[in-house]
Amino acid sequence: MGATDPEPPGAAEFADDLLRVVEYFDGFAESDANADTVIRAAAVLAECPAGARWPSGTTIRYDAAGRLLAAAAPPPAAFGVDPVVWLERAGDARPLDAVLVARMRHCLRVTSRRGAAGPTGLADPALLEVVLSEEQRRADRVRAMRLLGVDPARPLCLLAISGPGAADAVRIIGARVPVVRSTVLGTVTAVLLQDGGACRELSDVLNAAVVQAFPASRRGADGPWVGMGERLPALAAATSWEQARRALRFASSTWHGRRVIAFERLGSLALLGELPVPKLLGAPDVMRLDEFAATEAGALAVDTLEAFCLFGSLRRTADELHLHHSTVAARIAQVEAAMGWDVGESLDRFMATLALMMRRIALSAAELAPDGSDARRAEMDHPATGVG
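Residues numbered from 1 in each chain as written. Predicted model: local features only at pLDDT ≥ 70, side-chain atom pairs only at ≥ 80, totals over all residues. Heavy atoms only, no water.

### Some points on the pattern of salt bridges
Inference 1: Under the defined criterion, the tally for this structure stands at 14 salt bridges.
Inference 2: The partner of Asp140 in a salt bridge is Arg137, and the shortest N-O contact between them spans 3.1 Å.
Inference 3: Note on Arg137: relative accessible area 56%, which makes it exposed.
Inference 4: Notably, a salt bridge pairs Glu320 with Arg316, separated by 3.0 Å at the nearest N-O pair. Placement of both Glu320 and Arg316 in helix α13 (residues 314-321) is noted, with a separation of four residues, approximately one turn of the helix.
Inference 5: Given the relative accessible area of 30%, Glu320 is considered partly exposed. (Salt bridge = Lys/Arg side-chain N within 4 Å of Asp/Glu carboxyl O. Buried < 20%, exposed > 50% of the residue type's maximum accessible area, 1.4 Å probe, protein only. Helix = DSSP H or I, 4+ residues; strand = E, 2+ residues; numbered from the N terminus.)

Structure follows, in structure tokens:
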């Protein structure tokens, strides 16, 4: 450009805005800001959601109002590698978006090199493990809570999620109640809530939402499954987490079963969740049910009896299964003959319900096992009931 050439319209304004963006992020890089602060500030400045994801899988996202969002996969246009950063802008990109994303990533890399004083998000899994461990000192747990944005003075609730749709389940939860933190711990996703209200009512809302998003067929569903611990004081987070994992074993993928289970609903049934899977599978009634359900006709009959124990009457069961009540009665009679039960008698109905519940827990545990227990799953999978 020659000395006498006119400056392009808006060039001076663009240069000023560019300088302001650089200085904006330089301020964070030179301070003790953590990853959450940087990403929240980027989202507010960009006026759209912003996010970052590290190779460990830790993901942090904030919306334009500075509210924490559930973790989600980076969009195709994400920038960089360690971490990957992005803006989630609806419509065309703005002139300074590329600069903003580049400076955000630079700032995050600077904060990560500060170690312990750096980003809380980068250490989310480790920090959450501290919060959930009764073996850690009280002071360390409180410090980890504060670094995660958890108020130690307020009660909290832990959720345990498993299955292929775990990430989607976190988004479903986040759309209905504020999620303080979510992170993957081993094969289970932990979700921490502090403003979820009563767990029993919330479990009903979440169950309906999960079933709607992931409807089960007659073959069942592949997840997700959610267990909810009780709402307890923050320093009892380990207890809520243990409850959530135990409740997870009761979640079912059958088309008539619950996908979200609150521990407080279980009552005395929670004791069944403490039994090891081999002991459940070795119970005589469970073994006989498995043997009977090895054929398609037997599986249909067992599934029908399980529905009957859930719904409580032939007519209700027939309506829910879209069958004639005589068909329901005939299938139940098949299981009664094989097991020696008469579900018209209260004690036999209790025995049937207990045996079916034990079998369901064993199926869920096999599905959720980190080693996949695929052989067990294949052995027990059938058209009538899903696994889990």
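Here the narrative resumes.
### Brief notes about the side chain of Arg359
Inference 1: Note that Arg359 resides in helix α15 (residues 346-368).
Inference 2: A distance of 2.6 Å separates the side chain of Arg359 from the side chain of Asp290, its partner in a polar contact. (Polar contact = N/O pair within 3.5 Å; in protein donor to acceptor, adjacent residues only side chain to side chain.)

### Some details on unusual backbone geometry
Inference 1: If you check the backbone angles, Glu47 has positive phi at about 60° while not being a glycine.
Inference 2: Judged by its relative accessible area of 52%, Glu47 is exposed.
Inference 3: Residue His322 is not a glycine yet carries a positive backbone phi of 55°.
Inference 4: By secondary structure assignment, the location of His322 is in the loop between α13 and α14 (325-339).

### Comments concerning helix α2 (residues 35-46)
Inference 1: For α2, spanning twelve residues, the distance from its first C-alpha to its last is 16 Å, which sits close to the expected 16 Å at 1.5 Å a residue.
Inference 2: If you check which residues of α2 are buried, you get Ala35, Asp36, Val38, Ile39, Ala41, Ala42, Ala43 and Ala46.
Inference 3: Two residues or fewer past α2, Glu47 is found with a positive phi of approximately 60°. (Expected span 1.5 Å × (residues − 1).)

### Quick notes on the packing of aromatic side chains
Inference 1: In total, this model carries one aromatic pair according to the counting rule given.
Inference 2: Pairing Tyr24 with Phe25 gives two aromatic rings, centres 5.3 Å apart and planes at 90°, and the pair type is edge-to-face.
Inference 3: Accessibility expressed as a relative area gives 1% for Phe25, which makes it buried. (Phe/Tyr/Trp six-rings, centres within 6.5 Å; stacked < 30°, edge-to-face > 60°.)

### A few points about the nonpolar core
General note: in soluble globular proteins, nonpolar side chains tend to be found buried as a group.
Inference 1: Membership of the largest hydrophobic core comes to 37 residues, with the highest contact counts inside it found for Leu128, Val131, Leu132 and Trp241.
Inference 2: Once residues within four sequence positions are removed from consideration, Val131 is found in contact with Arg141, Ala144, Met145, Leu148, Ala237 and Ala238.
Inference 3: The next biggest cluster of nonpolar side chains, apart from the first, holds 25 residues, and it includes Val21, Ala33, Ala50 and Leu108. (Core = buried A, V, L, I, M, F, W, Y, C linked by side-chain atoms within 4.5 Å. Contact = heavy atoms within 4.5 Å.)

### Details of the confidence of the model for the protein
Inference 1: Averaged over all residues, the pLDDT of the protein is 80; the fraction at 70 or higher stands at 83%.
Inference 2: For the stretch residues 115-123, pLDDT sits under 50, and the model shows 21 contacts to residues farther than four places along the chain or on other chains.
Inference 3: Note on residues 370-388: pLDDT under 50 across the span, and 51 contacts to partners over four residues away in sequence or across chains. (pLDDT = per-residue confidence, 0-100.)

### Quick look at the sheet that holds strand β5 (residues 157-162)
Backbone-to-backbone hydrogen bonds pair the strands of a sheet. The strands run either parallel or antiparallel.
Inference 1: Spatial strand order, β6-β7-β5-β8-β9: five strands in an open sheet with mixed pairing. The open sheet is flanked by β6 (179-185) and β9 (260-262), the only strands paired with a single partner. Each strand axis lies, on average, 20° off the axis of its neighbour in the sheet, ignoring direction.
Inference 2: Examined bridge by bridge, β6 and strand β7 (residues 188-193) share six bridges and lie antiparallel to one another. Opposite Arg181, over in β7, you have Leu192 as the bridge partner. (Pairing = 2+ DSSP bridges. Axes fitted to C-alpha atoms, helices over the stretch in contact; angles between N-to-C directions.)

### Here we look at the packing of helix α11 (residues 284-292) against α14
If you want to describe how two helices pack, look at the angle between their axes and the distance between the axes.
Inference 1: Two elements in contact, α11 and α14, have axes whose closest approach is 10 Å; the angle formed by their N-to-C orientations is 130°. The angle between the axes of α11 and α14 places the two elements in the oblique class. Read as a crossing pair, α11 and α14 show a hand that is right-handed. Contacts from Asp285, Arg288, Leu289 and Phe292 of α11 reach α14 at Gln334, Val335, Ala338 and Met339. (Parallel < 35°, antiparallel > 145°, perpendicular 65-115°, else oblique. Left-handed = near helix turned anticlockwise from the far one by under 90°.)

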